[in-house]
Amino acid sequence: MKKLFSSFILVLLVGIILLTAGCTQSPATTAPASPAQPSIPSPVNTLASRNEAYTSNETLVAFVGSAVSYVKTHGMENALKEFNNPNGSFIQGELYIYAYAYNGTTLAHPVNPESVGKIREGPNGVFVTEMGSVVKNGSGFYRFTYINPLHNNTLESKLGYGAQVDDDWWLGSGAYQGPVNQTR
(Lines give C-alpha, C1' and ligand atoms only; values in the text may rest on other atoms or scores of the structure.)
Protein backbone atom coordinates (compact mmCIF):
# COMPACT_ATOMS: atom_id res chain seq x y z
CA MET A 1 0.00 0.00 0.00
CA LYS A 2 2.85 2.36 0.85
CA LYS A 3 4.44 1.70 -2.59
CA LEU A 4 1.13 2.47 -4.35
CA PHE A 5 0.75 5.70 -2.38
CA SER A 6 4.37 6.76 -3.23
CA SER A 7 3.76 6.04 -6.93
CA PHE A 8 0.55 8.08 -6.83
CA ILE A 9 2.35 11.05 -5.24
CA LEU A 10 5.17 10.82 -7.82
CA VAL A 11 2.71 10.79 -10.75
CA LEU A 12 0.80 13.68 -9.18
CA LEU A 13 3.99 15.77 -8.80
CA VAL A 14 5.09 15.06 -12.37
CA GLY A 15 1.62 16.05 -13.59
CA ILE A 16 1.71 19.32 -11.66
CA ILE A 17 5.18 20.13 -13.01
CA LEU A 18 4.04 19.46 -16.59
CA LEU A 19 0.90 21.57 -16.19
CA THR A 20 2.77 24.55 -14.77
CA ALA A 21 5.75 24.35 -17.12
CA GLY A 22 3.95 26.43 -19.79
CA CYS A 23 3.18 29.13 -17.22
CA THR A 24 6.84 29.92 -16.65
CA GLN A 25 7.81 30.79 -20.21
CA SER A 26 9.08 34.27 -20.88
CA PRO A 27 6.60 36.71 -22.48
CA ALA A 28 8.93 37.03 -25.50
CA THR A 29 8.19 33.42 -26.46
CA THR A 30 5.43 33.32 -29.05
CA ALA A 31 3.72 30.59 -30.96
CA PRO A 32 4.30 30.50 -34.71
CA ALA A 33 1.85 32.62 -36.66
CA SER A 34 -1.04 30.74 -38.20
CA PRO A 35 -1.52 31.10 -41.96
CA ALA A 36 -4.39 33.54 -41.34
CA GLN A 37 -2.18 35.91 -39.30
CA PRO A 38 0.52 38.16 -40.74
CA SER A 39 4.06 37.06 -40.11
CA ILE A 40 5.47 39.31 -37.40
CA PRO A 41 9.24 39.86 -37.45
CA SER A 42 11.17 39.71 -34.20
CA PRO A 43 11.50 43.18 -32.73
CA VAL A 44 14.87 44.77 -32.16
CA ASN A 45 14.39 45.95 -28.62
CA THR A 46 16.89 48.83 -28.61
CA LEU A 47 14.40 51.33 -27.20
CA ALA A 48 13.76 49.13 -24.19
CA SER A 49 17.49 48.79 -23.63
CA ARG A 50 17.67 52.60 -23.46
CA ASN A 51 14.96 52.51 -20.74
CA GLU A 52 12.39 54.11 -23.02
CA ALA A 53 8.90 53.01 -23.96
CA TYR A 54 8.82 49.99 -26.24
CA THR A 55 6.09 49.37 -28.80
CA SER A 56 5.38 45.70 -29.50
CA ASN A 57 4.63 44.46 -33.00
CA GLU A 58 1.18 43.44 -31.80
CA THR A 59 0.50 47.01 -30.63
CA LEU A 60 1.65 48.34 -34.00
CA VAL A 61 -0.66 45.95 -35.89
CA ALA A 62 -3.61 46.85 -33.64
CA PHE A 63 -2.95 50.59 -34.07
CA VAL A 64 -3.00 50.36 -37.88
CA GLY A 65 -6.02 48.05 -37.71
CA SER A 66 -7.92 50.62 -35.66
CA ALA A 67 -7.11 53.27 -38.28
CA VAL A 68 -8.43 51.05 -41.10
CA SER A 69 -11.61 50.50 -39.07
CA TYR A 70 -11.88 54.26 -38.57
CA VAL A 71 -11.80 54.76 -42.36
CA LYS A 72 -14.53 52.16 -42.86
CA THR A 73 -16.72 53.83 -40.20
CA HIS A 74 -16.09 57.54 -40.93
CA GLY A 75 -15.15 57.57 -44.62
CA MET A 76 -11.96 58.60 -46.35
CA GLU A 77 -12.33 62.38 -46.08
CA ASN A 78 -13.06 62.43 -42.34
CA ALA A 79 -10.40 59.81 -41.65
CA LEU A 80 -7.70 61.73 -43.52
CA LYS A 81 -8.58 64.89 -41.54
CA GLU A 82 -8.13 62.94 -38.31
CA PHE A 83 -4.90 61.25 -39.47
CA ASN A 84 -3.45 64.65 -40.44
CA ASN A 85 -4.39 66.25 -37.11
CA PRO A 86 -1.16 66.62 -35.04
CA ASN A 87 -3.34 66.56 -31.88
CA GLY A 88 -5.67 63.83 -33.10
CA SER A 89 -6.46 60.40 -31.77
CA PHE A 90 -4.08 58.70 -34.21
CA ILE A 91 -0.92 60.05 -32.61
CA GLN A 92 -0.01 57.99 -29.58
CA GLY A 93 3.54 58.43 -28.29
CA GLU A 94 5.90 57.39 -31.08
CA LEU A 95 3.05 56.00 -33.17
CA TYR A 96 1.20 58.01 -35.78
CA ILE A 97 -0.76 57.04 -38.87
CA TYR A 98 0.45 57.97 -42.33
CA ALA A 99 -1.53 57.40 -45.52
CA TYR A 100 -0.33 57.06 -49.11
CA ALA A 101 -1.88 56.50 -52.50
CA TYR A 102 -0.26 53.66 -54.43
CA ASN A 103 1.09 56.24 -56.91
CA GLY A 104 3.25 57.66 -54.06
CA THR A 105 1.14 60.69 -53.14
CA THR A 106 1.07 61.50 -49.43
CA LEU A 107 -2.53 61.63 -48.21
CA ALA A 108 -1.84 62.02 -44.48
CA HIS A 109 1.27 62.63 -42.42
CA PRO A 110 0.83 64.51 -39.13
CA VAL A 111 4.59 64.81 -38.53
CA ASN A 112 5.37 66.16 -42.03
CA PRO A 113 2.22 68.03 -43.04
CA GLU A 114 4.12 69.82 -45.82
CA SER A 115 4.35 66.49 -47.69
CA VAL A 116 0.56 66.03 -47.94
CA GLY A 117 -0.58 66.18 -51.55
CA LYS A 118 2.94 65.59 -52.89
CA ILE A 119 4.44 62.51 -54.47
CA ARG A 120 7.30 61.27 -52.27
CA GLU A 121 10.68 61.18 -54.05
CA GLY A 122 14.22 60.15 -53.14
CA PRO A 123 14.72 57.77 -50.17
CA ASN A 124 11.19 58.45 -48.89
CA GLY A 125 9.83 57.72 -52.34
CA VAL A 126 11.58 54.34 -52.29
CA PHE A 127 10.02 53.62 -48.89
CA VAL A 128 6.54 54.55 -50.10
CA THR A 129 6.86 52.47 -53.28
CA GLU A 130 8.37 49.42 -51.57
CA MET A 131 6.04 49.44 -48.56
CA GLY A 132 3.11 50.02 -50.90
CA SER A 133 4.12 46.84 -52.73
CA VAL A 134 4.30 44.96 -49.42
CA VAL A 135 0.74 45.93 -48.44
CA LYS A 136 -0.81 45.77 -51.93
CA ASN A 137 -2.42 42.40 -51.18
CA GLY A 138 -3.50 43.09 -47.60
CA SER A 139 -0.87 44.01 -45.03
CA GLY A 140 2.77 43.57 -44.09
CA PHE A 141 5.93 44.78 -42.37
CA TYR A 142 8.79 46.82 -43.84
CA ARG A 143 12.05 48.05 -42.24
CA PHE A 144 13.33 51.52 -43.12
CA THR A 145 15.04 54.57 -41.64
CA TYR A 146 13.21 57.76 -40.77
CA ILE A 147 13.58 60.80 -38.54
CA ASN A 148 12.20 60.41 -35.02
CA PRO A 149 10.39 63.62 -34.01
CA LEU A 150 10.56 62.58 -30.34
CA HIS A 151 14.38 62.43 -30.46
CA ASN A 152 15.27 65.76 -32.04
CA ASN A 153 14.65 64.38 -35.55
CA THR A 154 17.45 61.80 -35.21
CA LEU A 155 17.61 59.32 -38.10
CA GLU A 156 16.48 55.98 -36.65
CA SER A 157 15.71 52.47 -37.75
CA LYS A 158 11.97 51.87 -37.90
CA LEU A 159 9.78 48.82 -38.36
CA GLY A 160 6.71 49.84 -40.31
CA TYR A 161 3.45 48.01 -40.63
CA GLY A 162 0.93 48.86 -43.31
CA ALA A 163 -2.50 47.74 -44.41
CA GLN A 164 -4.38 48.24 -47.65
CA VAL A 165 -7.54 50.32 -47.36
CA ASP A 166 -8.63 49.69 -50.95
CA ASP A 167 -7.08 49.46 -54.42
CA ASP A 168 -6.08 53.14 -54.34
CA TRP A 169 -4.45 53.73 -50.94
CA TRP A 170 -2.97 52.29 -47.76
CA LEU A 171 -2.26 53.23 -44.14
CA GLY A 172 0.78 52.59 -42.03
CA SER A 173 2.63 53.34 -38.83
CA GLY A 174 5.98 52.36 -37.41
CA ALA A 175 7.91 51.72 -34.23
CA TYR A 176 11.34 53.31 -33.86
CA GLN A 177 14.13 50.93 -32.93
CA GLY A 178 17.09 53.18 -32.27
CA PRO A 179 19.58 55.43 -34.04
CA VAL A 180 20.90 54.20 -37.38
CA ASN A 181 24.52 54.85 -36.42
CA GLN A 182 24.19 53.08 -33.04
CA THR A 183 26.99 50.60 -32.36
CA ARG A 184 25.82 47.27 -31.04
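Cut-offs and rules
- For every chain, the first residue of the written sequence is number 1, and numbering continues from 1 along that sequence.
- For this predicted model, a pLDDT threshold of at least 70 governs which residues receive local features, and a threshold of 80 or more governs which side-chain atom pairs are given and counted, while totals over whole chains, interfaces and linings are taken from all residues.
- Excluded from the side-chain calculation are hydrogens and water; included are all heavy atoms of the structure.
- Each helix is a run of H or I in the DSSP string that is no shorter than four residues. Each strand is a run of E no shorter than two, and both are numbered from the N terminus.
- Burial classification: accessible surface area is computed with a 1.4 Å probe over protein chains only, and a residue below 20% of its type maximum counts as buried, one above 50% as exposed, and the rest as partly exposed.
- Should any heavy atoms of two residues lie within 4.5 Å, those residues are considered in contact.
- If DSSP finds at least two bridges between two strands, the strands pair.
- To define axes, lines are fitted to C-alpha atoms, for helices over the stretch in contact only, and angles between the resulting N-to-C directions are given on a 0 to 180 degree scale.
- Take the number of residues in a helix, subtract one, and multiply by 1.5 Å to get its expected span.
- By arc we mean the arc of the directions from the helix axis to the C-beta atoms, nothing more.
- Throughout, nonpolar core names a set of buried Ala, Val, Leu, Ile, Met, Phe, Trp, Tyr and Cys residues whose side chains join them through atoms within 4.5 Å.

Draft legend 1. Representation of the overall build of the protein. A tally of regular secondary structure across the protein gives 4 helices and 7 strands. Its helices and strands in sequence order give the protein the pattern α-α-α-β-β-β-β-α-β-β-β, from N to C terminus. Every one of the 184 residues in the protein was classed for burial, and the buried ones make up 36%. Taking the intrachain contacts of the protein between residues at least 6 apart in sequence as the baseline, contacts between residues at least 24 apart amount to 55%.

Draft legend 2. Just the sheet that holds strand β6 (residues 154–164), in detail. With antiparallel pairing, 5 strands are arranged side by side in an open sheet as β4-β3-β7-β6-β5. The open sheet has two free edges, formed respectively by β4 (106–108) and β5 (139–148), since each of these has just one partner strand. Taken over all neighbouring pairs, the strand axes of this sheet differ in orientation by 35 degrees on average, direction set aside. Here β6 runs beside strand β7 (residues 169–179); their pairing, made up of 8 bridges, is antiparallel. Each residue of the ladder has a partner; that of Y161, found in β7, is S173. Lying over the sheet, helix α3 (residues 57–84) contacts β3 (98–101), β4, β5, β6 and β7, oriented at roughly 140 degrees with respect to β7. Along the sheet face, helix α4 (residues 122–135) touches β3, β5, β6 and β7 and points at about 165 degrees away from the line of β5.

Draft legend 3. Spatial organisation of the pairing of β5. Pairing analysis gives 10 bridges linking β5 to β6, with the strands arranged antiparallel. Among the inter-strand pairings, N148 is bridged to a residue of β6, identified as T154.

Draft legend 4. Main features of the environment of G65. Counting through the fold element by element, G65 comes out in helix α3. Placed 98 residues apart in sequence, G65 and A163 show a C-alpha to C-alpha distance of 7.6 Å.

Draft legend 5. Spotlight on α4. Taking 1.5 Å per residue as the helical rise, α4 with its 14 residues ought to reach 20 Å, and the 20 Å between its terminal C-alpha atoms agrees with that figure. Taken together, the buried positions of α4 are G125, F127, V128, M131, G132 and V135. Down the axis of α4, the smallest arc covering the buried residues is 155 degrees, so these residues share one side. For α4, the exposed residues set more than 90 degrees away from the buried face come down to P123, T129 and S133.

Draft legend 6. Local environment of the nonpolar core. Core analysis: the biggest nonpolar cluster contains 23 residues, and V71, L80, F83, I97, A99, W169 and L171 have the highest contact counts within it. Elements with a minimum of two residues in this core: α3, β3, β4, β6 and β7. At 9 residues, the largest contribution of residues to this core is made by α3. Apart from the residues within four sequence positions on either side, V71 is in contact with M76, A79, F83, V165, W169 and L171. Of all hydrophobic cores here, the second largest spans 12 residues; its members include Y98, F127, F144 and Y176.

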